[in-house]
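Reading the structure
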Amino acid sequence: MTSAETLLTPTDRALINRLQRGLPIVPQPYAAVAAELGLTEADLLARLQHLLDTGILSRFGPMFQIERAGGRFTLAAIAVPPERFEEVAAVVNAFPEVAHNYQRTHALNMWFVVATATPEQCADTLRRIEAATGLPVRDMPKEREFRVHLYFEA
């Protein structure tokens, strides 16, 4: 059992599972979800904030097509020497443009997503990550959109 599993209450699990399915389109969506779960809106929001503050949830927000708003998402990868992995991960994760970061069993063993308001900002962020880590960054921009409903049971 992981530490996250021991920290989650049954209510937290229900909240995470429910929120992955989206919010209702109503004037007070958090109040509606809270009522479904037998909570007050204030309790739901406090629980959600706690899950974010403790790192159990890394982010909570909408998924959208940033390119339609003039921005850019890109998948990037770095071949990091194993002995530097934690150090480089901390440097990469410190960039606010980095949405999430994964370790892979591949020559390119660190994969992360960069999200910016403009394509130029994305290129600049990748250059700054290269400078900060001293390692070349591979930019792998999206070529085609796929719609995948991803769900993780908490």
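Residues numbered from 1 in each chain as written. Predicted model: local features only at pLDDT ≥ 70, side-chain atom pairs only at ≥ 80, totals over all residues. Heavy atoms only, no water.

Observations concerning the confidence of the model for the chain
- On average, residues of the chain carry a pLDDT of 89, and 90% of them reach 70 or more.
- The element-level mean pLDDT for the chain is lowest in helix α1 (residues 3-7), coming to 57, with helix α6 (residues 119-133) highest at 97. (pLDDT = per-residue confidence, 0-100. Helix = DSSP H or I, 4+ residues; strand = E, 2+ residues; numbered from the N terminus.)

Some words on the sheet that holds strand β1 (residues 72-78)
- With antiparallel pairing, the 4 strands of this open sheet are ordered in space as β2-β3-β1-β4. The open sheet has two edge strands, β2 (98-103) and β4 (138-141), and neither has a second partner. Neighbouring strand axes in the sheet, compared pairwise and without regard to direction, differ in orientation by 25° on average.
- Of the pairings in the sheet, the one linking β1 to β4 comprises 4 bridges and is antiparallel in character. Opposite Leu 75, over in β4, you have Met 140 as the bridge partner.
- This element, helix α5 (residues 85-93), spans β1, β2 and β3 (110-116) of the sheet and lies at about 165° to β2.
- Packed onto the sheet, α6 meets β1, β2, β3 and β4 and runs at close to 145° relative to β3. (Pairing = 2+ DSSP bridges. Axes fitted to C-alpha atoms, helices over the stretch in contact; angles between N-to-C directions. Contact = heavy atoms within 4.5 Å.)

Quick look at the nonpolar core
- In terms of nonpolar packing, the biggest core is built from 17 residues, with Ile 78, Val 92, Met 110, Phe 112 and Ile 129 touching the most fellow members.
- When residues of this core are traced back to their parent elements, those giving at least two are β1, α5, β3 and α6.
- Take this core: its biggest share by element is 4 residues, from α5.
- Apart from residues lying up to four places away in sequence, Met 110 is in contact with Ala 76, Ala 77, Ile 78, Val 80, Phe 85, Val 88, Ala 89, Val 92, Asn 101 and Tyr 102.
- In this structure, Leu 8, Leu 15, Ala 34 and Leu 51 belong to the second largest nonpolar core, which totals 11 residues. (Core = buried A, V, L, I, M, F, W, Y, C linked by side-chain atoms within 4.5 Å. Buried < 20%, exposed > 50% of the residue type's maximum accessible area, 1.4 Å probe, protein only.)

Concerning the pairing of β3
- Among the 7 residues in β3, 6 count as buried, and that is most of the element.
- Pairing of β1 with β3 involves 7 bridges; the strand directions are antiparallel. Bridge pairing in β3 places Ile 78 opposite Met 110.
- As judged from the 5 bridges shared by β2 and β3, these two strands associate in the antiparallel manner. Bridge pairing links Val 98 to Val 114 in β3.

Topic: the packing of helix α3 (residues 29-37) against helix α4 (residues 41-53)
- Relative orientation of the contacting elements α3 and α4 amounts to 95°, with a least axis distance of 8 Å. The angle between α3 and α4 falls in the class roughly perpendicular. From α3, Tyr 30, Ala 31, Val 33, Ala 34 and Leu 37 reach across to α4, where they touch Glu 41, Leu 44, Leu 45 and Leu 48. (Parallel < 35°, antiparallel > 145°, perpendicular 65-115°, else oblique.)

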